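Secondary and tertiary structure notes
Here's the letter readout for the chains.
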Amino acid sequence: MTENPIAPDLRTRLYTRMILIRKFEEKITALSQEPNRMPGMQILATGQEAVATGIVSALDPADVIVSNHRSHGHLLARGADLDSLMAEIMAKETGVNGGKAGTLHLAVPDVNALMTSTVVGAGPPLAVGAAFAQQYQRAKGITVVFFGDGAAAEGSVHEAMNLAGVWKLPLLFVCENNCWAGAQRPEEHCATRHISQRAGGYDMPGRSVDGNDVEAVYRLAVELAAHCRSGWGPAFIEAHTYRMRGHGEQDRQHYVDPGELEIWAARCPIRCYRQKLLDDGVLDAAQILAIDRDAETRVAAAVAFADASPYPGAETALTDVFVLPPNA
Ligand SMILES: Cc1ncc(C[n+]2csc(CCOP(=O)(O)OP(=O)(O)O)c2C)c(N)n1
Ligand SMILES: [Mg+2]
């Protein structure tokens, strides 16, 4: 079966989003190596840009996303403001959460990014709540939740999948199988070869996809998001990809075979897609260079913005931590 071609302007947007995410995270890597520049633990999704870009590009503005500790790509693909995201990661007052959330517990309400959490497996139950609210209020939109292969072994994820299946919620589960959970391989914590096989146990379609092929991810996301939108209940995508850096920037990956890193570097989603766009005549080398440079300029501006911003004052430590429900 021949697939419908993806329009050239969308293909350009897919590339532009991926390179922006890569440059943003490369800058975090560089700054993490300087003293006192990046507070806390920096957890990057370098190498996984095609998953974030392919999935999020298939969404509508009303859709809600919930993410985990490896979230920058999801948020940037969704259109989060670069300046306030970088400022948040650098713990500055102008950050999207006032500099008090940092990289690991973000929320970006402007783009319907409800929450990111470093509590492994915390996102799916919360996403059940968001999707239930959408269903109950007959609101537009679906919820998409990103989590890892390690999280897929958590009871909370199975409970969330079960309830989503029982209630037929408009919820798309996206498992990024990046071949690592900390320093553990999937075969150490996962009894199935394909995590997507588990979807059948909760009465939802589950499919695996090459998570380094942005167009394949995008097409599958369009298809399964349509399923969720149509009232047929949840769906599950497992995207096979690779975590190119350590678990966090402090992790030197002593447990990783360098040969494996080389194999996956050759499958880099950005490098491969750049070549594809060149081969297909969608972009020429000069246009690609201009896109790459623009991403670098935007990231540099975001760092300058964050650098110029103050840290939050101690008097704000107890604000924004508790919200009374309406009419309380
Ligand atoms: C409930 C809980 N258990 C353990 C941890 C420690 N921890 C943080 S990330 C991580 C690995 C998660 O692996 P995976 O879900 O595959 O996501 P990835 O880091 O590969 O993106 C672990 C065990 C935690 N943060 N929360
Ligand atoms: Mg993982």
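Before reading on, note that the structure itself is shown above.
Here's what I pulled together on the structure shown here. (Residues numbered from 1 in each chain as written. Chains lettered and ligands numbered in written order. Predicted model: local features only at pLDDT ≥ 70, side-chain atom pairs only at ≥ 80, totals over all residues. Heavy atoms only, no water.)

Protein coordination at the magnesium ion (ligand 2) comes from Asp149 (OD), Asn178 (OD1) and Trp180 (O), with a distance range of 2.0 to 2.2 Å. Mapped onto the sequence, the donors of the magnesium ion (ligand 2) take the spacing D-x28-N-x1-W. Accessibility expressed as a relative area gives 5% for Asn178, which makes it buried. Judged by relative accessible area, Trp180 falls into the buried class, the value being 5%. (Donors = N, O, S within 2.8 Å, 3.2 Å for Na, K, Ca; no water. Buried < 20%, exposed > 50% of the residue type's maximum accessible area, 1.4 Å probe, protein only.)

Together, Phe132, Tyr136, Leu163, Val166 and Trp167 give the surface a local cluster of nonpolar side chains, amounting to about 520 Å² of exposed area. Its place among the elements puts Tyr136 in helix α5 (residues 123-136). Of the residues examined, Tyr136 reaches a relative accessible area of 64% and is grouped as exposed. (Patch = residues over 30% accessible without salt bridge, like charges linked within 9 Å, V, L, I, M, F, W, Y side chains within 5 Å. Areas by Shrake-Rupley, 256 points an atom, 1.4 Å probe, with all protein chains shown as cover. Salt bridge = Lys/Arg side-chain N within 4 Å of Asp/Glu carboxyl O. Helix = DSSP H or I, 4+ residues; strand = E, 2+ residues; numbered from the N terminus.)

The next thing to look at is the site of ligand 1. In the vicinity of ligand 1, 14 residues are found, and the nearest of them are His69, Arg70, Thr118, Gly150 and Trp180. Between ligand 1 and Gly150, the relevant distance is 2.8 Å, taken from an oxygen atom to a main-chain nitrogen or oxygen of the residue. With respect to ligand 1, the backbone of Trp180 contributes an N or O atom lying 2.8 Å from an oxygen atom. Out of a free accessible area of 580 Å², ligand 1 has 70% covered by protein chains. The residue inventory of the shell around ligand 1, partitioned by class, reads 5 nonpolar, 7 polar and 2 charged. (Near = heavy atom within 4 Å. Polar contact = N/O pair within 3.5 Å; in protein donor to acceptor, adjacent residues only side chain to side chain. Nonpolar A, V, L, I, M, F, W, Y, C, P; charged D, E, K, R; others polar.)

This next bit is on the packing of helix α2 (residues 49-56) against helix α8 (residues 214-229). Relative orientation of the contacting elements α2 and α8 amounts to 35 degrees, with a least axis distance of 7 Å. Every pair of crossing elements has a handedness; the one defined by α2 and α8 is right-handed. Along the contact surface, α2 presents Ala50, Val51, Thr53, Gly54 and Ile55, while α8 presents Val214, Val217, Tyr218 and Ala221. (Axes fitted to C-alpha atoms, helices over the stretch in contact; angles between N-to-C directions. Left-handed = near helix turned anticlockwise from the far one by under 90°. Contact = heavy atoms within 4.5 Å.)

Every other side chain in a regular strand lies on the same face of the sheet, so the side chains alternate between the two faces. Burial analysis of strand β4 (residues 171-177) places 7 of its 7 residues in the buried class, the great majority of the element. Alternating residues of β4 divide into Leu171, Phe173, Cys175 and Asn177 and Leu172, Val174 and Glu176, and every residue in both groups is buried. In this fold, the crossover linking strand β3 (residues 143-148) to β4 by way of helix α6 (residues 155-167) has right-handed handedness. As defined by bridge partners, β4 adjoins strand β6 (residues 235-240) across 6 bridges and the pair is classed as parallel. By the bridge assignment, Leu172 is partnered in β6 with Ala235. (Right-handed = clockwise from strand over helix to strand, strands pointing away. Pairing = 2+ DSSP bridges.)

Once that is clear, we can look at the pattern of salt bridges. On inspection of all chains with the given rule, the structure shows 17 salt bridges. Measuring nitrogen to oxygen at the nearest pair gives 3.1 Å for the salt bridge that ties Glu34 to Arg37. The salt bridge involving Asp292 is made with Arg274; its shortest N-O contact spans 3.4 Å. Highlighted residues: Asp292 in helix α11 (residues 285-307) and Arg274 in helix α10 (residues 269-279), separated in sequence by 18 residues.

On to the packing of aromatic side chains, then. As enumerated under the stated definition, the model contains 7 aromatic pairs in all. Between the aromatic rings of Phe132 and Trp167, the centroid separation amounts to 5.4 Å while the plane-to-plane angle is 50 degrees, which identifies the pairing as tilted. Of this pair, Phe132 sits in helix α5 while Trp167 is found in helix α6, placing the two residues 35 residues apart along the sequence. Residue class for Phe132 comes out partly exposed when judged on its relative accessible area of 34%. We classify Trp167 as partly exposed; its relative accessible area is 38%. Ring geometry for Phe173 and Phe236: centres 6.3 Å apart, planes at 25 degrees, overall stacked. Placement of Phe173 in strand β4 and of Phe236 in strand β6 is noted, with a sequence separation of 63 residues between them. Each member of the pair Phe173 and Phe236 is classed as buried. By the ring-pair criterion, three or more aromatic residues cluster together here, those being Phe132, Tyr136 and Trp167. (Phe/Tyr/Trp six-rings, centres within 6.5 Å; stacked < 30°, edge-to-face > 60°.)

So, to be careful, I would describe these as geometric facts and stop short of saying anything about function.
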